[in-house]
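# Structural overview
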Amino acid sequence: MKKNFAIAIKAGAIAGLLIAGSASAQSELISNPSSTLPNFDVETLGPTLSELGIVWQPRATEDGKTYISANIGGQLTFLIEPTACRGPGQVNCVGMNMIALFEGKANSQTVYAFNDHYAFASSGLDPSGAAYISRYEIADYGMPRGNFATSVTVFAALAEQLRNDLFTSAQTVSLDGYSDDLSSLLLNRHALTTLTGVEAVLETDFARHQIGFEESALQIKNLIADKRTPRNKIKNF
């Protein structure tokens, strides 16, 4: 599974990860998937990342905070920052922020459309105009190793997908209407099911989550369009 995972990320497509994962059950992604990670300390996460085949090393910010620099297949680098620490010196941290940064000035429409499509992670632009993607996790009462492995896997695949989208947008003359296609994958899948009468069999948890991403994008769009949807007032009286 380690080899397949690295190949999938290197191939640079979520579809590649689905193909790599179809040969293995979720329980094979990592050993003892139901056992609990007590926190997100560097010492806790390191062995689990190594088991996933991810190369990592501890690093420190200018103000002395420790984080993990992780790399998959020599192709994709992302950072893991332990947060919400209950003890001094970043001990017993129950929050975790995963971040992947990209160089160069990004097409803002591409970034915002990506952000609207994938509810699992947040993408945006830093002050220089470069793109980033992040995901925050909470483990106040611990997190199963399998959940952590899946979360890292999905985040890495989405980070690579964003990189591909940014590269493609740089080659595109016009991106008019890009945002209108946020749910095209889901709509195409529904149309295929209607024509064939056969519901696609989803063999991996990642495939199921991918459906969830697409359904969320469409559902939000429908809720916004529905005037009956409850809305919060800017100011309560």
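Summed over the entire model, instances satisfying the criterion amount to one disulfide. In this model cysteine 85 forms its disulfide with cysteine 93; the gap between the sulfur atoms is 2.0 Å. Here the disulfide of cysteine 85 and cysteine 93 is right-handed, its torsion about the S-S bond being about 90°. Judged by its relative accessible area of 0%, cysteine 93 is buried.

With that settled, consider the sheet that holds strand β3 (residues 66-72). Strand order in this open sheet of six strands is β2-β3-β4-β5-β7-β6, and the pairing throughout is antiparallel. Pairing within the sheet leaves two strands with one partner each, and these edge strands are β2 (55-60) and β6 (122-125). Here the average twist between neighbouring strands, direction ignored, is 30°. Note: strand β4 (residues 76-87) against strand β5 (residues 91-101), seven bridges, orientation antiparallel.

Before going further, it helps to examine the packing of aromatic side chains. Inspection of the entire model under this criterion finds two aromatic pairs. With centroids separated by 6.0 Å and ring planes inclined at 65°, the aromatic side chains of phenylalanine 78 and phenylalanine 155 adopt a geometry described as edge-to-face. Of the two residues, phenylalanine 78 is situated in strand β4 and phenylalanine 155 in helix α5 (residues 145-171); the sequence distance between them amounts to 77 residues. Classification of phenylalanine 78 by relative accessible area gives buried; the value is 1%.

Inspection of every chain in the model, using the stated rule, returns three salt bridges. Here glutamate 137 ties to arginine 135 by a salt bridge, and the two come within 3.1 Å at their closest N and O atoms.

This brings us to helix α3 (residues 42-51). Those residues of α3 lying buried are Val42, Thr44, Leu45, Gly46, Thr48 and Leu49. Where α3 terminates, the next one or two residues include glycine 53, which has phi positive at roughly 85°.

It is worth spelling out the pairing of β3 at this point. Most of β3 is tucked away: five of the seven residues are buried. As judged from the six bridges shared by β2 and β3, these two strands associate in the antiparallel manner. Bridge assignment links glutamine 57 to a residue of β3, and that residue is serine 69. Turn length for the β2-β3 hairpin, with the two strands adjacent in sequence and antiparallel, is five residues, and the turn residue glycine 64 shows positive phi of about 90°. Judged from the five bridges that link them, β3 and β4 form a sheet pairing that is antiparallel. Paired with asparagine 71 across the bridge in β4 is threonine 77. What sits between β3 and β4 in their antiparallel hairpin is a turn of three residues, with glycine 73 showing a positive phi close to 60°.

Attention now goes to the side chain of aspartate 41. Mapped onto the elements, aspartate 41 comes out in the loop between β1 (36-37) and α3. Buried charged residue aspartate 41 carries no salt bridge. Nearest counter-charge: arginine 86, at 9.5 Å. Looking at aspartate 41, its side chain comes within polar contact range of the main-chain nitrogen of cysteine 93, at 2.7 Å. Those residues in contact with aspartate 41, other than ones at most four positions away along the chain, are Gln90, Val91, Asn92 and Cys93.

The next subject is the pairing of strand β7 (residues 131-138). Across seven bridges, β5 lies against β7 in antiparallel orientation. Paired with methionine 96 across the bridge in β7 is glutamate 137. As paired elements, β6 and β7 share four bridges and run antiparallel to each other. Paired with leucine 125 across the strands is alanine 131, a residue of β7. Adjacent in sequence and paired antiparallel, β6 and β7 are bridged by five residues, among which glycine 129 carries a positive phi angle near 95°.

Before going further, it helps to spend a moment on the confidence of the model for the protein chain. In this model, the protein chain carries an average pLDDT of 76, and 63% of its residues clear a pLDDT of 70 or more. Taken element by element, the protein chain is modelled with least confidence in helix α2 (residues 14-21), mean pLDDT 39, and with most confidence in β1, mean pLDDT 97. Below a pLDDT of 50 lies the segment residues 1-27, which in the model reaches 53 contacts outside its immediate sequence neighbourhood of four places, other chains included. Within the model, pLDDT remains below 50 along residues 175-185, and this stretch shows 22 contacts once partners closer than five positions in the same chain are excluded.

Definitions and limits used
Residues numbered from 1 in each chain as written. Predicted model: local features only at pLDDT ≥ 70, side-chain atom pairs only at ≥ 80, totals over all residues. Heavy atoms only, no water. Disulfide = S-S within 2.5 Å. Buried < 20%, exposed > 50% of the residue type's maximum accessible area, 1.4 Å probe, protein only. Pairing = 2+ DSSP bridges. Helix = DSSP H or I, 4+ residues; strand = E, 2+ residues; numbered from the N terminus. Axes fitted to C-alpha atoms, helices over the stretch in contact; angles between N-to-C directions. Phe/Tyr/Trp six-rings, centres within 6.5 Å; stacked < 30°, edge-to-face > 60°. Salt bridge = Lys/Arg side-chain N within 4 Å of Asp/Glu carboxyl O. Lys, Arg positive; Asp, Glu negative; His and termini not counted. Polar contact = N/O pair within 3.5 Å; in protein donor to acceptor, adjacent residues only side chain to side chain. Contact = heavy atoms within 4.5 Å. pLDDT = per-residue confidence, 0-100.

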